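Coordinates in review
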Amino acid sequence: MTTPSAGETYDFVVVANRLPVDSVTQPDGSTGWRMSPGGLVAALEPLMKASDGAWIGWPGAPDVEVEPFEHEGIRMVPIALNEQEIEFYYEGFSNDTLWPLYHDVIAQPTYHREWWETYVDVNRRFADAAARVSDHGATVWVHDYQLQLVPGMLRESRPDLTIGFFNHIPFPAYGIFSQLPWRQQIISGLLGADVIGFQRVADAGNFTRAVRRLFGYETKGSRVWVPVGDSSDATTGDRSHVRGAPVRRVIARAFPISIDATSYVELAKDPSVQARAKQIREELGNPKTIMLGVDRLDYTKGIGHRLKAFGELLAEDKVSVEDVTLVQVASPSRERVASYMQLRDEIELTVGRINGDYGSIGHTAISYLHQGYPREEMVALYLAADVMLVTALRDGMNLVAKEYVATRADLGGVLILSEFAGASDDLRQALLINPHDIEGVKDAIMQAIGMPESEKRRRMRALRKRVLENDVVKWSRVFLEELAGATTAHPVSHEHPDGRK
Ligand SMILES: Nc1ncnc2c1ncn2[C@@H]1O[C@H](COP(=O)(O)OP(=O)(O)O[C@H]2O[C@H](CO)[C@@H](O)[C@H](O)[C@H]2O)[C@@H](O)[C@H]1O
Ligand SMILES: O=P(O)(O)OC[C@H](O)CO
């Protein structure tokens, strides 16, 4: 068992691939850190400050060897990754194996044994750091697909800890998941947690089915009974017959993530943000309808599908560039991964073609922006947009949909939302679409453009109620309450789902 070092230890530890800070260079050439704006930080910041918390993560650049430091009341524990680890663990196994696999193989996953080995090594480094900085009996919350082995590793080295895991992306059906050569190790790693959170009920169901298929463990609803000592080294299935052996209870269920809604509501009221929204409209030539897409430039987001639908509407004269314009913000992402390079080429070619074919001197069909923006600018864009297009082919949740809704206190605007985004489980008053059905997307765009004000207001009011009542603070509270109630970190029992001992 790894005991905490003589260094400082914490009673609440977050483990995520990235630290919630970006390195910044000041005008005088000195470097410092700036909090990166993100929902997870907003949700956890108050908690971390109140509860003596530490955040373990990668600073986002190669070979950044920095000692743990304090930033805005949070202890940051940086994990250094070298060039090869970034290539094999982050770009390779995380984003060229797991990402496409977990998003229903929209792109072909690549399987390389060296990538897997580095994934194991890097997960071990994160787990060791967590073991080192956690107080006795601390709560550790591990995040996302990059770190699925950490719960199992931690359970072995620090059985005193209460361990939570949250998967921000979908968990695929067994027929897809079973492609993974290391499927058993991944499930074992996750089962080291006391509570495993997913975005959707369907994701949690896919996970418990994988547990049954690969290990034969008993499951009932959100509960999984894991034989003790069997959670991190299992390589073969079918251990359900071990009746009477001590078991740990693991909870696997949906905790749909949300946004820091209040901050969007507040920004939307800010006169300078409202003025900027007006200015955006004017700069676009005051069209009748501004449509907006905001995504990381990722093949899961269905950007090509929405461009195709808009291009066809222009070709068929159903809309004109004088009346309708599309702003597509596509933030740079994973730019050294081949499938992302190819996607960028395809999207930029399509944008160029549509603009060339249908634009005029005064009116551009698509304003394409391959840049990141501060939150104020994002909110101004949301305020300026009459139609928000979220056409993901597969998405864990999609926070953009919720940000748009939170921003529209004026009850204006229409959200077109893919049924393949987790957000569609909750945001039923959006115009729900299947992004593969291009005619359906075109119909939804036409319906949004022509929607009567009263219907827009009715839909937006219902959507806003959902988002404002279920913000990210509530999400983290509900998850951590479930985790606090999970006593399995301590006693084990002989309880079985049917009540037998
Ligand atoms: N150009 C730009 N400039 C500034 N900000 C920009 C930007 N483009 C996008 N953003 C911001 O980045 C965030 C993107 O969040 P999403 O949920 O839409 O997708 P992402 O795939 O990154 O997140 C993963 O985690 C989240 C949270 O769990 C899940 O919803 C999702 O399904 C999963 O893939 C939003 O807050 C958005 O405002
Ligand atoms: O930029 P990345 O690769 O850290 O991905 C960000 C996504 O939110 C991962 O869930």
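In this text, all values refer to a predicted model and were calculated from it rather than measured experimentally.

**Topic: the site of ligand 1**
Ligand 1 sits among 21 residues. The nearest are His-168, Arg-296, Gln-371, Asp-395 and Glu-403. Within the contact set of ligand 1, an oxygen atom lies 3.1 Å away from a side-chain nitrogen or oxygen of Gln-199. Side-chain polar atom of Glu-403 to an oxygen atom of ligand 1: 2.5 Å apart, as the coordinates give it. Protein burial of ligand 1: of its 720 Å² of free accessible surface, 82% is covered by the chains.

**What about empty space enclosed by the protein?**
With the rule as written, the count across this model stands at two cavities of 30 Å³ or more. When its volume is computed, the second largest cavity comes out at roughly 30 Å³. Elements that contribute at least two residues to the lining of the second largest cavity include exactly β17 (414-418) and α15 (453-469). When residues of the lining of the second largest cavity are assigned to their parent elements, the largest contribution, three residues, is made by α15. The residue inventory of the lining of the second largest cavity, partitioned by class, reads six nonpolar, two polar and one charged.

**Observations concerning the packing of helix α8 (residues 261-269) against helix α12 (residues 375-384)**
Pairs of packed helices are described in terms of their axes, by the angle between the two and the distance that separates them. Between α8 and α12, the least distance of the axes is 10 Å, while the angle of their chain directions is 75°. Accordingly, the angle class assigned to the pair α8 and α12 is roughly perpendicular. From α8, Ser-263, Tyr-264, Leu-267 and Ala-268 reach across to α12, where they touch Arg-375, Glu-376, Val-379, Tyr-382 and Leu-383. In the contact of α8 with α12, the residues fall into six nonpolar, one polar and two charged.

**Focus on the side chain of Gln-148**
Secondary-structure assignment places Gln-148 in the loop between β7 (134-143) and α4 (150-157). Of the residues examined, Gln-148 reaches a relative accessible area of 0% and is grouped as buried. A distance of 2.8 Å separates polar atoms of two side chains, one belonging to Gln-148 and the other to Tyr-102. Contacts of Gln-148, omitting those with residues within four sequence positions, involve Leu-98, Tyr-102, Tyr-119, Asn-123, Phe-165, Phe-171, Ile-186, Gly-189 and Leu-190.

**Quick word on the site of ligand 2**
Around ligand 2, the neighbouring residues are Arg-18, Tyr-90, Asn-95, Asp-144 and Arg-334. Within the side chain of Arg-334, one N or O atom sits 2.8 Å away from an oxygen atom of ligand 2. Protein chains shield 70% of the accessible area of ligand 2, which is 310 Å² for the free molecule. When grouped by side-chain class, the residues that make up the shell around ligand 2 number one nonpolar, one polar and three charged.

**Describing the nonpolar core**
Generally speaking, nonpolar side chains in soluble globular proteins are found buried as a group. Within the largest apolar cluster, 100 residues are counted, with the highest numbers of intra-cluster contacts made by Ile-56, Phe-126, Phe-177, Ile-187, Leu-191, Ile-196 and Phe-207. In terms of residues, this core owes the most to one element, helix α3 (residues 113-133), which gives 10 residues. Two domains each provide a minimum of three residues to this core, namely domain 1 (10-257 + 476-489) and domain 2 (261-469). Here Phe-126 is in contact with Val-15, Ala-16, Asn-17, Ile-56, Gly-57, Trp-58, Ile-79, Tyr-89, Leu-147 and Val-150, once residues within four sequence places are set aside. Residues Ile-259, Ile-290, Tyr-382 and Ala-423 belong to the second largest nonpolar core, which totals 67 residues.

Calculation rules
- Residues numbered from 1 in each chain as written.
- Chains lettered and ligands numbered in written order.
- Predicted model: local features only at pLDDT ≥ 70, side-chain atom pairs only at ≥ 80, totals over all residues.
- Heavy atoms only, no water.
- Near = heavy atom within 4 Å.
- Polar contact = N/O pair within 3.5 Å; in protein donor to acceptor, adjacent residues only side chain to side chain.
- Areas by Shrake-Rupley, 256 points an atom, 1.4 Å probe, with all protein chains shown as cover.
- 1 Å grid on protein atoms, 1.4 Å probe; cavity = no way out; pocket = protein on both sides within 12 Å on 5 of 7 lines; lining within 4 Å.
- Points joined across faces, edges and corners; volume = space filled by probe spheres on them.
- Helix = DSSP H or I, 4+ residues; strand = E, 2+ residues; numbered from the N terminus.
- Nonpolar A, V, L, I, M, F, W, Y, C, P; charged D, E, K, R; others polar.
- Axes fitted to C-alpha atoms, helices over the stretch in contact; angles between N-to-C directions.
- Parallel < 35°, antiparallel > 145°, perpendicular 65-115°, else oblique.
- Contact = heavy atoms within 4.5 Å.
- Buried < 20%, exposed > 50% of the residue type's maximum accessible area, 1.4 Å probe, protein only.
- Core = buried A, V, L, I, M, F, W, Y, C linked by side-chain atoms within 4.5 Å.
- Domains from an automatic or database assignment.

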